[in-house]
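Each chain, letter by letter, is given below.
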Amino acid sequence: MNFWFSIFRQTGRNLRQTWTTQFMTCLTVSLSVLIFSFFYLIYLNMLSAGDKVTDDLRLVVYLDEEPGPEMQKQLRLKISQFDQVQEIKFISREEAYARFAEQLGDNRDVLTDMPTDFLPASIEVIPLKTLRSLNQIKLFSEYLATLPGSQKVQYGQKWVERFYYFTQLLSIIVLLSGILLILTATFMVASTIRLTIFGRQEELELLKLVGATNNYIRTPFLLEGILQGLIGSLLGLTSLYILFQWTARHFSGAGFLDLFTFTFFPPGIIATVILLSIVLCTVGSYTSMQKFLRI
Amino acid sequence: MTETVAPSRTAMIEMIKVCKKFPPNVVALDDISVSIASGEIFFLIGRSGAGKTTLLKLLCNMERPSNGLIEVAGMNIHQVTGNKLAKLRQKVGVAYQDFRLLTDRTVAENIAISMEVSYKKPQIIRNRVRSLLAQLQLEDKHDILTGDLSRGEQQRVALARAVANSPALILVDEPTGNLDATSTEQVMELLIRCSNSGATIVIATHDEALYRHSTHRIMKLHNGKLASLTRGDGQERLKSMEAMNGGSSDGI
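Parameters and conventions
Residues numbered from 1 in each chain as written. Chains lettered and ligands numbered in written order. Predicted model: local features only at pLDDT ≥ 70, side-chain atom pairs only at ≥ 80, totals over all residues. Heavy atoms only, no water. Domains from an automatic or database assignment. Axes fitted to C-alpha atoms, helices over the stretch in contact; angles between N-to-C directions. Helix = DSSP H or I, 4+ residues; strand = E, 2+ residues; numbered from the N terminus. Parallel < 35°, antiparallel > 145°, perpendicular 65-115°, else oblique. Left-handed = near helix turned anticlockwise from the far one by under 90°. Contact = heavy atoms within 4.5 Å. Nonpolar A, V, L, I, M, F, W, Y, C, P; charged D, E, K, R; others polar. Pairing = 2+ DSSP bridges. Buried < 20%, exposed > 50% of the residue type's maximum accessible area, 1.4 Å probe, protein only. Patch = residues over 30% accessible without salt bridge, like charges linked within 9 Å, V, L, I, M, F, W, Y side chains within 5 Å. Areas by Shrake-Rupley, 256 points an atom, 1.4 Å probe, with all protein chains shown as cover. Salt bridge = Lys/Arg side-chain N within 4 Å of Asp/Glu carboxyl O. Lys, Arg positive; Asp, Glu negative; His and termini not counted. Charge placed at Lys NZ, Arg CZ, Asp CG, Glu CD.

**Comments concerning the domain arrangement of chain A**
At step 1: Structurally, chain A comprises domain 1 (3-53 + 171-292) and domain 2 (58-154).
At step 2: Computed from C-alpha atoms alone, the centre-to-centre distance between domain 1 of chain A and domain 2 of chain A is 53 Å.

**Re the packing of helix 1 (residues 3-17) of chain A against helix 8 (residues 214-251) of chain A**
Each pair of packed helices gets described by two things: the angle between the helix axes and the distance between those axes.
All names here are of chain A.
At step 1: Closest axis-to-axis distance for the helix 1/helix 8 pair is 9 Å, and the angle between their directions is 60°. The orientation of helix 1 relative to helix 8 falls into the category oblique. As for how helix 1 packs across helix 8, the hand of that crossing is right-handed. Between helix 1, through Phe 3, Trp 4, Ser 6, Ile 7, Phe 8, Gln 10, Thr 11, Asn 14 and Leu 15, and helix 8, the contact on the second element is made entirely by Asn 215, Tyr 216, Thr 219, Pro 220, Phe 221, Leu 223, Glu 224 and Leu 227.
At step 2: Grouping the amino acids of the contact of helix 1 with helix 8 by side-chain chemistry returns 10 nonpolar, 6 polar and 1 charged.

**What to know about the sheet that holds strand 4 (residues 150-154) of chain A**
Residue and element names in this part refer to chain A.
At step 1: Read across the sheet, 4 strands follow the order 2-3-1-4 without closing on themselves; strand pairing throughout is antiparallel. Where the open sheet ends on each side, the last strands, each with one partner, are strand 2 (85-91) and strand 4. Ignoring strand direction, the axes of neighbouring strands in this sheet form an average angle of 20°.
At step 2: In this sheet, strand 3 (residues 122-127) lies alongside strand 2 in antiparallel orientation, the contact comprising 6 bridges.

**Focus on unusual backbone geometry**
Residue and element names in this part refer to chain B.
At step 1: Following Pro 23, the chain continues to Pro 24 via a peptide bond in cis, the omega torsion being 0°.
At step 2: Tracing the chain through its elements places Pro 24 in the loop between strand 1 (11-22) and strand 2 (26-37).
At step 3: With a phi angle near 45°, Lys 17 is a residue other than glycine that sits in the positive phi range.
At step 4: Positionally, Lys 17 belongs in strand 1.
At step 5: With relative accessibility at 52%, the residue Lys 17 sits in the exposed group.

**Overview of a negative patch on the surface**
At step 1: There is a patch of like negative charges on the surface, built from Glu202(A), Asp98(B), Asp104(B), Glu109(B) and Asp143(B).
At step 2: Within the secondary structure, Glu202(A) sits in helix 7 (residues 201-209).

Right, here's the structure in full:
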């Protein structure tokens, strides 16, 4: 009988004897994984939605007068002085009118009595994709407001700000639930192993007396930690996947949620969550052994 | 009466000026020096509290001596640690006075433990367990939880576990305390069989019937001190029986 055969037998025997405690630990680990992964999944989807929003981000500078070619050249120069931009587009009053009419579609009749130059001329600035943070966008818009002839700068401030703060809040929740996962998983596994050790102290002492090596005694506990991490995280992620499928089926393709394309974790993140749970549970198990296994 | 009886073969156990004190100031063993040869059967006698169990505990490294040196198989057992100590313990079988059985495990599982830690093959373990149970007339108890056994049965299971891994040294504490005459005979037969296979056996006992007529060395402890080291009267009895029978005897 080799070492690993004995170890697996010991582990199996222990799991059979303490299955209720083991089950509760697995459940706690899986709940922690579920809570953390739930917020992390929302956070990731919000980030990708944010990328989409910022892809479409453009700052519109409304002007008092329609600039001539020389003025346009100077304005371009001034804008580029702040930062490099992806595109600068001058919209004349007529173009603005044509766009508006197109947006109205079948209701364009309301414009029949209006002059074609009633809308102000404007500059559409599409910033580079590196300009992402709310502060940078604010600073840029403030700079654009100081351009000669600038009347007003618009970029959907309220929407961008709300979105920005929401993703900030989510990142805090993800961080907190991550810490919660680490603490819960580690403490739960540590206390389960501690209980098991107390319950089996007599047996462990006997094993020591009949010549069991430290590895022979300790390895089953480490294996239990690994199993709890693996099964707990798999359970948590499976529950999240079921929840994700249900949400995708019931809420996709309508209104606000149409903005987002919900996606589940890529395999890399799934593997990382599983690995992290296993490592945490093993650490919990190991610390308990070091503290309480009097061998 | 103190008589020095030297062992005839290489020493399995060497104890030199061993003392053991327990706090606050209880002297359990005082200045014990003895050498026990490989393959020898050695009796340890004395009244309750004389220090027999303490001496066995020192020999299996459950306790450390306050003073003195103890060598088992040429190694100072109190300086050996880690895997070396584990390997050494695999060669020492101990039947404890309080049995130390796992009462929620079956008889077979309890006996198998000592072989599992040295990674014996399952088939070998199964055969050895069955053979030991047969020798101790416990075949029908194979799958019974040890917690459900009588004291006498538990004692025999503890002994079976001690000898199961074919250790080089067997320490037995009161092996017949709860046994009837037939069971005592079975236990002694098993121990003698182990001795014949080369194992050194140290038996701590109150039971005079076990050692009185044996030919083995007997160490008597009194209040932790070595009171006497003699040999059983088996040899004299043998000689007198030979004389009575005109020079021939089948022995004891």
